[in-house]
Amino acid sequence: MSFIEVKHIHKTFKLPLKQGGIKGSLKSFFHREYRTIHAIDDISFSIKKGEIIGYIGPNGAGKSTTIKILSGILVPDSGSVVVDKMTPWKDRKKYVAEIGAVFGQRSQLWWDIPAMDSFRLLKDIYKIGDQEYEKTLNELIDLLDLKDILNVPVRQLSLGSRMRLEIAASLLHRPKILFLDEPTIGLDAVSKRQVREFIKKINRQNKVTIILTTHDMADIEALAKRILLIGKGVLLYDGSLKQLKEQYDYLKTVRVMTKEYVKIKKSYIQSQRRIEGGIEFQVDARKVEMNDFIHYLSSKLTIKDIDFIPQTIDDVIVRLYEEYGI
């Protein structure tokens, strides 16, 4: 049974057209013209309780609009959203008590005071009982290693420490759903690993449903087994990361170390270029077996060494964008 059910949602925005010069400004003053932006165009998906979903796409794809609808901030022009038997924008007061949000570029912590003071304020806002608050806070302190930073003014802390506190703040009221927008942005490698491990831990222990939006594909690989890919307001892909790789990871980079240079014209070679000490090929593995390709190269070149360069998830995503023209 679906925990989140999104059906055929649409959302458009009207943006005023600006015309240059005094004449254009006067014309706009008396008769303003608009252009319509289709931020979301007939998107549907469902999410089970306890899933971690990677919601990805380029800037302007419609990710933020979708998240604002799911969190109850925006109302779609048409379509429906049901989350745990609630409609986010209709049952807003009850609904916000069930969700948490962490935005990499925004903070819910007071900058000049220790996070502990902000936590106490959130306790009152969410009307959390004393015993429940203490229990949850102690769990978060242990899980996120917060003991030494709770009583330090937020402005004096590193970005990694602040992000751990932001996550703790979003979980004090034990939400069922957590929206994470760029949760590791600007963090060093160690802090990124700590944040990712904690996200997996709360998902595993508390069955928190997590929707992750990020441009960091390493976050997606580490956390999300399933991704939703959006582009130009349309859902382009809904499935596992493994399936996506299998479907689009067909271009293989082959570096051949050789003193010779031969231009090879084969339908399966997407590109060929000189590199220091040899040649680099982009080969379409759907059209040729790699062993056959290497055997063919051996008949044309004196090969000293061969390297196969693995494709990253970023390469796969870019290829999918190119296929859809976004």
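Keep in mind it's a predicted model, so treat the numbers as computed, not measured. (Residues numbered from 1 in each chain as written. Predicted model: local features only at pLDDT ≥ 70, side-chain atom pairs only at ≥ 80, totals over all residues. Heavy atoms only, no water.)

Mapped onto the secondary structure, arginine 162 falls in helix H6 (residues 159–171). Here the alpha-carbon distance between arginine 162 and serine 44, two residues 118 residues apart in the chain, equals 35 Å. Leaving out residues up to four positions away in the same chain, arginine 162 has contacts with Leu109, Trp111, Val154 and Leu157. (Helix = DSSP H or I, 4+ residues; strand = E, 2+ residues; numbered from the N terminus. Contact = heavy atoms within 4.5 Å.)

Enumeration over the complete set of coordinates arrives at 16 salt bridges. Residue lysine 11 is joined to aspartate 77 by a salt bridge in which the shortest nitrogen-to-oxygen separation is 3.7 Å. Residue lysine 11 is located in strand S1 (residues 2–16), and its partner aspartate 77 is located in the loop between helix H2 (63–70) and strand S4 (78–83); the two are separated by 66 residues in the primary sequence. Residue classification places lysine 11 among the buried residues on the basis of a relative accessible area of 11%. A relative accessible area of 44% means that aspartate 77 is categorised as partly exposed. Note that aspartate 130 is salt-bridged to lysine 123, the shortest N-O span being 2.8 Å. Looking at lysine 123, the relative accessible area reads 14%, which means it is buried. Counted as one network, the salt bridges with shared partners bring together Lys192, Arg196, Asp216 and Asp219. (Salt bridge = Lys/Arg side-chain N within 4 Å of Asp/Glu carboxyl O. Buried < 20%, exposed > 50% of the residue type's maximum accessible area, 1.4 Å probe, protein only.)

On to the nonpolar core, then. Ranked by size, the top nonpolar core spans 54 residues in total, and within it Phe119, Leu165 and Leu244 carry the most contacts. Top element by residues in this core is H6. It accounts for 6 residues. Not counting residues within four places of it along the chain, the set of residues in contact with phenylalanine 119 comprises Leu109, Tyr133, Leu137, Leu150, Leu165, Ala168, Ala169 and Leu172. Ranked by size, the runner-up nonpolar core spans 25 residues in total, among them Ile40, Ile53, Ala61 and Ile211. (Core = buried A, V, L, I, M, F, W, Y, C linked by side-chain atoms within 4.5 Å.)

Moving on: the side chain of arginine 164. Topologically, arginine 164 is positioned in helix H6. This buried residue, arginine 164, is left without a salt bridge; aspartate 145 holds the nearest opposite charge, at 4.7 Å. Those residues in contact with arginine 164, other than ones at most four positions away along the chain, are Leu144, Asp145, Leu146, Ile149 and Gln194. (Lys, Arg positive; Asp, Glu negative; His and termini not counted.)

One open sheet accounts for 3 strands, arranged S2-S1-S4; its pairing is antiparallel. Looking at the sheet topology across the chains shown, the edges are occupied by strand S2 (34–48) and S4. Recorded for the sheet is a direction-independent mean angle of 25 degrees between the axes of neighbouring strands. Both S1 and S2 contribute to a ladder of 12 bridges, which runs antiparallel. (Pairing = 2+ DSSP bridges. Axes fitted to C-alpha atoms, helices over the stretch in contact; angles between N-to-C directions.)

Helix length check: helix H7 (residues 189–206), at 18 residues, gives a terminal C-alpha distance of 26 Å against a target of 26 Å (1.5 Å per residue), a fit within 8%. Buried within H7 are the following residues: Ser191, Val195, Arg196, Phe198, Ile199, Ile202 and Asn203. All buried residues of H7 lie within an arc of 160 degrees about the axis, which places them on one face of the element. Residues of H7 that are exposed and point over 90 degrees away from its buried face: Ala189 and Arg204. The inward-facing, buried residues of H7 abut strand S3 (52–56), helix H5 (130–144), H6, strand S6 (177–181), strand S7 (209–213) and helix H8 (217–223). Where H7 begins, the side chain of aspartate 188 points an oxygen toward the backbone nitrogen of valine 190, at a separation of 3.1 Å. (Expected span 1.5 Å × (residues − 1). Arc of directions from axis to C-beta. Polar contact = N/O pair within 3.5 Å; in protein donor to acceptor, adjacent residues only side chain to side chain.)

Below, the discussion takes up the pairing of strand S10 (residues 251–257). With 7 bridges joining them, S10 and strand S12 (residues 278–284) adopt antiparallel strand pairing. Bridge pairing in S12 places threonine 253 opposite glutamine 282. Looking at chain direction, S10 and strand S13 (residues 305–309) are connected through 5 bridges and run antiparallel. Bridge pairing links methionine 257 to aspartate 305 in S13.

The next point concerns the sheet that holds S12. The 4 strands lie next to each other as S11-S12-S10-S13, forming an open sheet whose pairing is antiparallel. The open sheet has two edge strands, strand S11 (269–275) and S13, and neither has a second partner. Each strand axis lies, on average, 20 degrees off the axis of its neighbour in the sheet, ignoring direction. The sheet contacts of helix H10 (residues 290–300) involve S10, S11, S12 and S13, and relative to S10 the element is tilted by about 30 degrees.

Among all residues save glycine, negative phi is the norm, and among peptide bonds the norm is trans. Backbone geometry places aspartate 42, a non-glycine residue, at a positive phi of 60 degrees. Phi angles above zero are rare outside glycine, and lysine 85 is one such case at about 70 degrees. Considering the arrangement of structural elements, one finds lysine 85 in the loop between S4 and helix H3 (92–95). Under the relative-accessibility criterion, lysine 85 is labelled exposed at 74%.

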